[in-house]
Amino acid sequence: MGLLTTAAPFFGLLLGTWIAFDYRNVDNGAAETVSSALALLHQGTIADPYATYTLPTGPTAHVSPVTTGVFAAIFWIFGEGTVAAQFARGLVAALCYALCIGFAMRSARCVGGRLIAFAVILLLSCVFPIWIYDFAVADREYDQPMASALLMYTMYLFIHLRSEAVVRWRSAVVLGLAAGVGSVALPTILPACMIALGEAAWRRRDNRMSMRRIGFSVALFGLIVLAWMVRNYIQVGAFGLRSNLGLELATGNYDGALGFFSADASWPFHPSVSPDAAALLASMGEPAYNARMMNLGMTWIHEHPVQFMVLSLKRVWLSFFPNHLMVGWAPILGAYKWTAFAIFGVLKILALGLASVSVREWLLLVFCILPILPYYVLHVEFRYTSLVAFP
């Protein structure tokens, strides 16, 4: 399995690089992260996530500082709006795809995975690589490729830690850094990291040396998370990892909601769609605007409990069996798209089933399931499905 663990990610990287190069001229527009990266490059702060859509709205806690920083560096090196910059972002996403495959393989080896587990990983990532176009082209504008790689890396580190009778300092430092950076990049990773750190401490509660080192991991993890939260409080006025929970709740729960993001007239309050909403956000600030959206979303849920439950179940279904309208490149599949999405869903369910076989390795399920759960009450997009049992 050693050769396979190396060869599969390498194949994924080659395939992703080829797709990123082949579609280097495709302009997907500038998503929130790209817009914020341009603000970081020119203003020295993460701001204006909707500027390329509608209007500048000021300092933000809407996006990942990790992806934003990488994008700003790419724009500084290759220029803004250049083909080279688009290819570079696609290459970074392809690398993230390859890393996800590698960490999935290594995690399976750590838990003594059966041959069928490696077969499912290969089918999802190499033989049937339904994500690769999304990673290398469609999602090169977003946070998810890097977030997925950090999620898989953190999961692998926690699972591999179980093989150390005494936790090494190197492991403690890397674990704290990965958990902290991963949680800042994608806050839904945070609960899984906290549970895994607690499990690691409980497992070694009688070993003082290991407990001290795990304590250092916890402290490093906490400092990274706290630093970003303090920044958000100072610049945005919100003491948290993100400021857009209310907005996402409102945009996922309203009369006529589909369960996935659809930029239509049903959302007059989303700043990426409505200039009036962007102007209101700029005048109110992100915390006040998102509190208003949170109230709007919670009111709708309270008044429509059955519809909310149906929508939530639909979002669970869509995270395994995506609607072709969620996938911009679905027309490429032509008449085969329904078959492709059906195979995709069955393989994902099989992957979760294999992870559930061993209760002893319940950490696999923690990292495969917890990061996607919040989206089931918000809204789902195809790029979020990489957070469910990747691959």
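Now for a quick tour of the structure. (Residues numbered from 1 in each chain as written. Predicted model: local features only at pLDDT ≥ 70, side-chain atom pairs only at ≥ 80, totals over all residues. Heavy atoms only, no water.)

1. A short note on the overall build of the protein chain
How we decide: To qualify as a helix, a DSSP run of H or I must reach at least 4 residues; to qualify as a strand, a run of E must reach at least 2; elements of each kind are numbered from the N terminus. By the convention used here, residues are in contact when the closest approach between their heavy atoms is within 4.5 Å. Per-residue and other accessible areas were derived by the Shrake-Rupley procedure at a 1.4 Å probe size, with only the shown protein chains allowed to occlude residues.
Along the backbone of the protein chain there are 16 helices and zero strands. Contacts in the protein chain between residues at least 24 apart in sequence constitute 73% of all its contacts with a sequence separation of at least 6. Accessible surface, the protein chain: about 16,700 Å² in total, of which carbon and sulfur atoms supply 69%.

2. Brief notes about the side chain of E248
The condition that has to hold: Relative accessibility thresholds used throughout: buried, under 20% of the residue-type maximum; exposed, over 50%; partly exposed, between the two (1.4 Å probe, protein chains only). Here a polar contact means two N or O atoms within 3.5 Å. Within protein one must be a hydrogen donor candidate and the other an acceptor candidate, and residues neighboring in sequence count only if both atoms are side-chain atoms.
Structurally, the position occupied by E248 is in helix α11 (residues 245–252). With a relative accessible area of 13%, E248 lands in the buried category. Looking at E248, its side chain comes within polar contact range of the side chain of N244, at 3.0 Å. Beyond its immediate chain neighbours, meaning those up to four positions away, E248 contacts H62, L378 and H379.

3. Observations regarding the packing of aromatic side chains
Using the following cut-off: In summary, the pairing rule links any two rings of Phe, Tyr or Trp, Trp by its six-membered ring, whose centres are within 6.5 Å, and it sorts them by plane angle into stacked for under 30 degrees, edge-to-face for over 60 and tilted for everything else. Geometrically, a charge over a ring is one whose NZ (Lys) or CZ (Arg) sits within 6 Å of the ring centre while staying within 35 degrees of the ring normal.
Within the structure shown, the criterion is met by seven aromatic pairs. Centre to centre, the rings of W169 and F216 are 5.4 Å apart; their planes meet at 80°, and the pair counts as edge-to-face. Note that W169 is positioned in helix α8 (residues 169–185) and F216 in helix α10 (residues 208–235), a separation of 47 residues in sequence. The exposure class of W169 is partly exposed, given its relative accessible area of 44%. Residue class for F216 comes out partly exposed when judged on its relative accessible area of 35%. Measuring from centroid to centroid gives 4.4 Å for W317 and F321, while their planes differ by 25°, and the two rings are stacked. Following the ring pairs from residue to residue traces out a cluster consisting of F103, Y153 and Y156. Geometry around F21 places R24 over its ring, the cationic atom sitting 4.0 Å from the centre. In this structure, R205 packs its charged tip against the face of W202, placed 3.9 Å from the ring centre.

4. A look at helix α7 (residues 144–161)
One full turn of an α-helix is made of 3.6 residues, so residues set three or four places apart face in the same direction. Basically, it comes down to this: Helix span, as expected, comes to 1.5 Å for every residue beyond the first.
Counted at 1.5 Å a residue, the expected span for α7 with its 18 residues is 26 Å, and the 25 Å between its end C-alpha atoms agrees. Summarising burial for α7: 16 of the 18 residues are buried, a large majority.

5. Re the nonpolar core
To be explicit about the condition: Residue types Ala, Val, Leu, Ile, Met, Phe, Trp, Tyr and Cys, when buried and joined through side-chain atoms within 4.5 Å, form a set referred to as a nonpolar core.
Membership of the largest hydrophobic core comes to 84 residues, with the highest contact counts inside it found for I19, F71, F158, C193, F367 and V380. When residues in this core are grouped by element, the largest group, 11 residues, is from α7. V380 has contacts with G259, F260, F261, R315, L318, M326 and Y375, leaving out every residue within four places of it along the chain.

6. Here's the deal with the pattern of salt bridges
The cut-off we apply is this: Here a salt bridge means any side-chain nitrogen of Lys or Arg lying within 4 Å of a carboxyl oxygen belonging to Asp or Glu.
By the definition in use, this model includes five salt bridges. A salt bridge links E141 to R89; the shortest N-O distance between them is 2.9 Å. Here E141, found in the loop between α6 (132–138) and α7, pairs with R89, found in helix α4 (residues 83–110); they are 52 residues apart in sequence, far enough to count as distant. Each of the two residues, E141 as well as R89, counts as buried. Look at the salt bridges and you will find they share partners, linking R89, R140 and E141 into a network.

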